[in-house]
Amino acid sequence: VDFYIPSKKLVIECDGCYWHGCPTHHPERSWARDKDRIKTDRLEALGYKVIRFWEHEINNMKILNI
């Protein structure tokens, strides 16, 4: 888990395109996406809301003004 907000039971994951098998940039690494899906399913079963961002989405966020 990259970020956790206990009061909201919110988990935020920031997934690197290579290591987590981004379907846009690394579709050949689908096994990594499967592994993340299992983790998300387990967290949701425990009552957490999970939000995932791909590396390229974070890099393209205009709100950061970087």
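Up top is the structure.
First, a word on what this report is: a plain description of the structure on this page. (Residues numbered from 1 in each chain as written. Predicted model: local features only at pLDDT ≥ 70, side-chain atom pairs only at ≥ 80, totals over all residues. Heavy atoms only, no water.)

Within the chain, the regular secondary structure consists of 3 helices and 3 strands. Along the chain, helices and strands appear, N-terminal first, in the series β-β-α-α-β-α. Taken along its principal axes, the extent of the C-alpha atoms in the chain is 35 × 30 × 10 Å. Scored against the burial criterion, the 66 residues of the chain give a buried share of 26%. Put simply, 50% of the contacts in the chain that link residues at least 6 apart link residues at least 24 apart. Carbon and sulfur atoms form 58% of the exposed surface of the chain, whose accessible area is close to 5000 Å². The averaged location of the 10 negative side-chain charges in the chain is 4 Å from the averaged location of its 11 positive side-chain charges. (Helix = DSSP H or I, 4+ residues; strand = E, 2+ residues; numbered from the N terminus. Buried < 20%, exposed > 50% of the residue type's maximum accessible area, 1.4 Å probe, protein only. Contact = heavy atoms within 4.5 Å. Areas by Shrake-Rupley, 256 points an atom, 1.4 Å probe, with all protein chains shown as cover. Lys, Arg positive; Asp, Glu negative; His and termini not counted. Charge placed at Lys NZ, Arg CZ, Asp CG, Glu CD.)

What follows covers the environment of Asp 36. Relative to the elements of secondary structure, Asp 36 occurs in helix H2 (residues 30-45). Among the residues examined, Asp 36 registers a relative accessible area of 11% and is labelled buried. Between the alpha carbons of Asp 36 and Gly 21 there is a distance of 9.6 Å; along the sequence they are 15 residues apart. Discounting residues that sit within four places of it in the chain, Asp 36 has contacts with Asp 15, His 20 and Arg 52.

Under the criterion given, the structure shown has 4 salt bridges. Among the charged side chains, a network of salt bridges with common partners joins Asp 15, Asp 36 and Arg 52. (Salt bridge = Lys/Arg side-chain N within 4 Å of Asp/Glu carboxyl O.)

Turning to H2, a few remarks are in order. Side chains three or four residues apart in an α-helix point the same way, a direct result of the helix having 3.6 residues per turn. The end-to-end C-alpha separation of H2 is 23 Å, in line with the 22 Å expected for 16 residues at 1.5 Å each. Burial in H2 covers these residues: Ala 32, Arg 33, Asp 36, Thr 40 and Leu 43. Buried residues of H2 fall within an arc of 95° about the axis and therefore sit on the same side. Exposed and oriented more than 90 degrees from the buried face of H2 are Lys 35, Arg 42 and Ala 45. For H2, the elements touching its buried residues are strand S2 (10-15), helix H1 (17-20) and strand S3 (49-54). In the segment just after H2, Gly 47 is the residue with positive phi, at about 95°. (Expected span 1.5 Å × (residues − 1). Arc of directions from axis to C-beta.)

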